[in-house]
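Each chain, written out:
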There are 2 protein chains.
Amino acid sequence: MNKGSLLINKLIEQFASLPGIGWKTAQRLSYYILKLDEGRVKEFANILIEAKQKIKNCENCYNLTEEKYCKICLDESRDRKIVCLVEMPKDIISFEKTGEYKGVYHALHGLISPMDGIGPDKLYIKGLLKRIQTQGIEEVIMATNPTVEGEATAIYLSRLIKPMGIKTTRIAYGIPVGGELEYTDDLTLYKALENRNEI
Amino acid sequence: MNKGSLLINKLIEQFASLPGIGWKTAQRLSYYILKLDEGRVKEFANILIEAKQKIKNCENCYNLTEEKYCKICLDESRDRKIVCLVEMPKDIISFEKTGEYKGVYHALHGLISPMDGIGPDKLYIKGLLKRIQTQGIEEVIMATNPTVEGEATAIYLSRLIKPMGIKTTRIAYGIPVGGELEYTDDLTLYKALENRNEI
């Protein structure tokens, strides 16, 4: 479109190919890149390639790592008897940020979704079952998102794991801290009432 | 933050350093990159570097180009007697998209803004004056944005150029096509009335 340079269009196209980045934003980012020092642009480019080449899944829990096992799996101070089951490695970041959870994780890398043709075989379930059989796991916390797919996956897996003599739990539903009752949906309010605790 | 991989944080930081990209978006983009083929990531990285290295300013109009002169300046069919003066090269794209303008351009690469310490000396004004003296230019259209700085720059430059015997014009103010009168600000409505045309 810019008759002055074809490369700028290629750069804009690259940014625009990223999810949630429209053409206008891609244009803004491209012009920003052109204004940066060449060293900074090279750093960005190198980290893109390095990250893609070196980051892989932990062979135990499928969290992201640059080594064979991730730092959480290698951490001797973590309680390996409790496994928090999440959809994606990024969910592990969220739980780690609370600083409260001392157990370990397992990332499924997806949720069961028949509508999208994703069956249990597409997820890292086999690895989880192997861990349960060999690592003395006592509890699996289902920490998938509170969506239809997240629920279905949690139920599917608890039915699979419970018969193995493992305690399976689901993260609690309720009103978000700092949230307003007025804007909380009916189902969440109902769950918050149902799961009320004595104080 | 993700104890599994330090590289992923570096990648997220790179994206988060771009303007208008927050941490959550940077995270989303980073995970997207990890899911791409290595070839696609390398292509992205290479275009980043190539664009930064090869794209420069046209030596005549300061539009973006990979050559000495941009394609518009080299285009024999363009009317070189009319120059459309814009703030940034991206504004040239906007005018080119209309498909109606047949003149050439000049990009200032900024606007006069005393508040930000940007004086006329920081803009590509010298090159414009040289063009006026040597290229038989008859009209300069001030197409800077309708902001305080855009207005000030347009007025400053027209006072500089007009005495050289050059016709200086300003793009028209009025209601945007498809806009609604109800939501048009008072000043724009006033300008639209003032600049009414016989039909």
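Read on for an overview of the structure. (Residues numbered from 1 in each chain as written. Chains lettered and ligands numbered in written order. Predicted model: local features only at pLDDT ≥ 70, side-chain atom pairs only at ≥ 80, totals over all residues. Heavy atoms only, no water.)

Comments concerning the nonpolar core
As a reminder of what qualifies: In these notes, a set of buried Ala, Val, Leu, Ile, Met, Phe, Trp, Tyr and Cys residues joined through side-chain atoms within 4.5 Å is what counts as a nonpolar core. When a residue's accessible area, from a 1.4 Å probe over protein chains only, is under 20% of the maximum for its type it is buried; when over 50% it is exposed; and in between it is partly exposed. Strands here mean DSSP runs of E at least two residues long; helices mean DSSP runs of H or I at least four residues long; both are numbered from the N terminus.
Core analysis: the largest hydrophobic core is formed by 46 residues, its most contacted members being Phe15, Ile33 and Leu48 of chain A together with Phe15, Ile33 and Leu48 of chain B. Sorting the residues of this core by element identifies α1 (6-16), α2 (23-35) and α3 (38-54) of chain A together with α1 (6-16), α2 (23-35) and α3 (38-54) of chain B as the ones contributing at least two each.

Structural notes on the sheet that holds strand β3 (residues 79-86) of chain B
Residue and element names in this part refer to chain B. As a reminder of what qualifies: In short, DSSP must find at least two bridges between two strands for them to pair. The axes are straight lines fitted to the C-alpha atoms, using for helices just the contacting stretch, and the angles between their N-to-C directions are given from 0 to 180°.
Reading across the sheet, the 4 strands line up as β4-β3-β5-β6 and stay open at both edges, with parallel pairing between neighbours. Either end of the sheet is taken by a strand with one partner, and the two such strands are β4 (103-107) and β6 (167-170). Here the strands of the sheet are splayed against their neighbours by 25° on average, with no regard to which way each runs.

A few points about helix α6 (residues 125-134) of chain B
Residues and elements named next belong to chain B. Let me state the cut-off plainly: Note: the arc covers the axis-to-C-beta directions of the helix. Here, residues are in contact when the closest pair of their heavy atoms is within 4.5 Å.
For α6, every residue scored as buried is listed here: Ile125, Gly127, Leu128, Arg131 and Ile132. Down the axis, α6 shows its buried residues gathered within 160° of arc, on one side only. Exposed and facing more than 90 degrees away from the buried side of α6 are Lys126, Lys130, Gln133 and Thr134. Contacts made by the buried residues of α6 are with β3, β4, β5 (139-142) and α7 (148-161). Of the residues trailing α6, Gly136 is marked for its positive phi of about 65°.

Observations regarding the relation of the copies chain A and chain B
Both copies of the chain are related through a single rotation about an axis accompanied by a shift along the same axis. Applied cut-off: Here the copies are superposed with least squares, the fitted atoms being C-alpha atoms of residues at a pLDDT of at least 70 in both.
Mapping chain A onto chain B is achieved by rotating through 180° and translating by 0.0 Å along the same axis, at an RMSD of 0.0 Å. What the superposition gives is, in effect, a two-fold axis relating one chain to the other. It is Ala45 of chain A whose C-alpha, among those of chain A, lies nearest the rotation axis, at 2.1 Å. Comparing interface residues between copies, 100% of those in chain A also lie at the interface in chain B; the contact surface is shared.

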